[in-house]
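Spelled out from the first residue to the last, the chains are:
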Amino acid sequence: MTLQGKTAVITGSNSGIGLGIAREMARAGANVVLNSFTDRDEDHALAKEIGTEFGVTALYVQADMSKGDQCRALIEKAEGCDILINNAGIQHVAPIDEFPTDKWDAIIAINMNSTFHTMAAALPHMRQRGWGRIVNIASAHGLTASPYKSAYIAAKHGVVGMTKTVALETAEEPITCNAICPGYVLTPLVEAQIPDTMKEYDMSREDVIKNVMLKRQPSKEFATVEQMGGTAVFLCSDAAAQITGTTISVDGGWTAL
Ligand code: NAD
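Quick word on the overall build of the chain
Along the backbone of the chain there are nine helices and seven strands. Computed over C-alpha atoms, the radius of gyration of the chain comes to 18 Å, within 12% of the 18 Å expected from 2.2 N^0.38 for 257 residues, which places it in the range of a compact globule. The buried share among the 257 residues of the chain stands at 50%. Of the roughly 12,000 Å² of accessible surface on the chain, 53% is carried by carbon and sulfur atoms. Within the chain, one finds 21 positive and 29 negative side-chain charges whose respective centroids are separated by 3 Å.

Comments concerning the site of the ligand
With respect to spatial proximity, 30 residues lie near the ligand, and among them Asn14, Ile17, Ser36, Asn87 and Tyr152 are the closest. Between the ligand and Asn14, the relevant distance is 2.7 Å, taken from an oxygen atom to a side-chain nitrogen or oxygen of the residue. Between the ligand and Tyr152, the relevant distance is 2.5 Å, taken from an oxygen atom to a side-chain nitrogen or oxygen of the residue. In the complex, 89% of the free accessible area of the ligand, which totals 830 Å², lies under the protein chains.

Topic: helix H5 (residues 150-169)
Between its terminal C-alpha atoms H5 stretches 28 Å, which fits the 28 Å expected from 20 residues at 1.5 Å a residue. Every buried residue of H5 is accounted for by Ala151, Tyr152, Ile153, Ala155, Lys156, Val159, Val160, Met162, Thr163, Val166 and Ala167.

Observations regarding the nonpolar core
Within soluble globular proteins, side chains that are nonpolar generally end up buried alongside one another. Ranked by size, the top nonpolar core spans 35 residues in total, and within it Ile21, Met25, Val32 and Ile85 carry the most contacts. Among the secondary structure elements, those contributing two or more residues to this core are strand S1 (7-10), helix H1 (16-27), strand S2 (31-36), helix H2 (41-54), strand S3 (58-62), strand S4 (83-86), strand S5 (132-137) and helix H9 (225-235). Among the elements that make up this core, the one with the highest residue count is H1 (six residues). Other than its neighbours up to four places away in sequence, Met25 contacts Leu3, Ala8, Ala30, Val32, Ile83, Ile85, Ala232, Val233 and Cys236. In this structure, Met119, Ala121, Met126 and Ala167 belong to the second largest nonpolar core, which totals 24 residues.

Side note on the side chain of Thr163
Relative to the helices and strands, Thr163 resides in helix H5. Within the structure, the side chain of Thr163 is placed 3.0 Å from the side chain of Asn136, a separation counted as a polar contact. With sequence-adjacent residues up to four places away left out, Thr163 is seen in contact with Asn136, Cys177, Asn178, Ala179, Gly245 and Thr246.

Describing the packing of H1 against H2
Interaxial distance between H1 and H2 falls to 9 Å at its minimum, and their mutual angle equals 30 degrees. Taken together, the axes of H1 and H2 lie roughly parallel to each other. Considering only the axes of H1 and H2, their crossing is right-handed. Counted together, Leu19, Ala22, Arg23, Ala26 and Arg27 of H1 and Leu46, Ile50, Glu53 and Phe54 of H2 form the full contact between these two elements. Considering only residue class, the contact of H1 with H2 consists of six nonpolar, no polar and three charged.

What to know about the packing of helix H7 (residues 194-201) against helix H8 (residues 205-213)
H8 packs onto H7 with a crossing angle of 90 degrees between their chain directions and a minimal axis gap of 9 Å. Considering the angle they form, H7 stands roughly perpendicular to H8. Contact residues: H7 offers Ile194, Thr197, Met198 and Tyr201, while H8 offers Arg205, Val208, Ile209, Val212 and Met213. The residue makeup of the contact of H7 with H8, split by class, is seven nonpolar, one polar and one charged.

Some words on the domain arrangement of the chain
As assigned here, the chain comprises domain 1 (7-185 + 224-256) and domain 2 (186-222). Here the C-alpha centroids of domain 1 and domain 2 sit 25 Å apart. Opposite the 15 residues of domain 1 that make contact, domain 2 presents 12 residues. Taken together, the two surfaces of domain 1 and domain 2 that pack against each other cover about 1,000 Å², and 52% of this comes from carbon and sulfur. Interface area lost by domain 1 to domain 2 is led by Tyr184, Val185 and Trp254, which between them contribute 56%. For the pair domain 1 and domain 2, the number of links is zero salt bridges. Tallied by class, residues from the side of domain 1 that touches domain 2 come to six nonpolar, eight polar and one charged.

Here is what the cut-offs are and how they apply
- Residues numbered from 1 in each chain as written.
- Predicted model: local features only at pLDDT ≥ 70, side-chain atom pairs only at ≥ 80, totals over all residues.
- Heavy atoms only, no water.
- Helix = DSSP H or I, 4+ residues; strand = E, 2+ residues; numbered from the N terminus.
- Rg over C-alpha atoms; globule rule 2.2 N^0.38 Å.
- Buried < 20%, exposed > 50% of the residue type's maximum accessible area, 1.4 Å probe, protein only.
- Areas by Shrake-Rupley, 256 points an atom, 1.4 Å probe, with all protein chains shown as cover.
- Lys, Arg positive; Asp, Glu negative; His and termini not counted.
- Charge placed at Lys NZ, Arg CZ, Asp CG, Glu CD.
- Near = heavy atom within 4 Å.
- Polar contact = N/O pair within 3.5 Å; in protein donor to acceptor, adjacent residues only side chain to side chain.
- Expected span 1.5 Å × (residues − 1).
- Core = buried A, V, L, I, M, F, W, Y, C linked by side-chain atoms within 4.5 Å.
- Contact = heavy atoms within 4.5 Å.
- Axes fitted to C-alpha atoms, helices over the stretch in contact; angles between N-to-C directions.
- Parallel < 35°, antiparallel > 145°, perpendicular 65-115°, else oblique.
- Left-handed = near helix turned anticlockwise from the far one by under 90°.
- Nonpolar A, V, L, I, M, F, W, Y, C, P; charged D, E, K, R; others polar.
- Domains from an automatic or database assignment.
- Buried area = accessible area lost by both parts, 1.4 Å probe.
- Salt bridge = Lys/Arg side-chain N within 4 Å of Asp/Glu carboxyl O.

What follows is the structure, encoded as structure tokens:
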């Protein structure tokens, strides 16, 4: 399978799932544009490493996905956008009556509004080039809920709804729009929570993973960033040309419960 000659823009891709997707896109031959809100030497070095490893053009573009104009500027600075992966996201956990308004606003802006802005900016480019793939990284929490994550769940349900709408608006064009709904994925962010949780519950690493973190994930295994990347690459393949306006759960059975 080759995505040679295509350029993939991946928001929030200097770590975790976004980075995993960027690597799988590059492995499939796509040029990649990495992004986050920081502008450090290591961000640019990361892009360079991927470019060298996979023999593709890889660029890092700083843009803050909480700001609509910067979301749109990312697409303009990307030097092409055949594939758009909306991945940037943050989380905050609190009961709704204690949920800080600034956290609510940031989650809605980064996890949901950015997707509106990047899609709006990318679609004219895709139409001009006569091909496009949009993959929005939602969550099992785009399909189900848990307590204390109101902003995240509202945003992810919003992303799933927006995905369906854009799919209908592009249905007669060679453009598709889908969402991946990951369950728990072992990213550096999740890995970092394990030692504290072990202390808090006085449990072994295995018990924390199985009985605390993966309580709702029937496979009792984390999904991996490579699996997210592989699913995104599949959604960009010819085999997926008639898959549009839907969600693909990569969640070890979570949403089957
Ligand atoms: P992560 O923290 O490793 O990655 C988040 C990325 O978003 C980072 O690259 C970060 O720099 C970037 N980001 C944050 N704020 C930004 C901003 N204002 N502008 C630009 N970039 C910004 O987390 P992750 O687990 O890799 O999460 C990636 C996506 O996957 C998120 O949308 C998250 O909701 C979703 N997701 C993760 C899991 C999981 O278990 N890890 C499960 C379901 C969905």
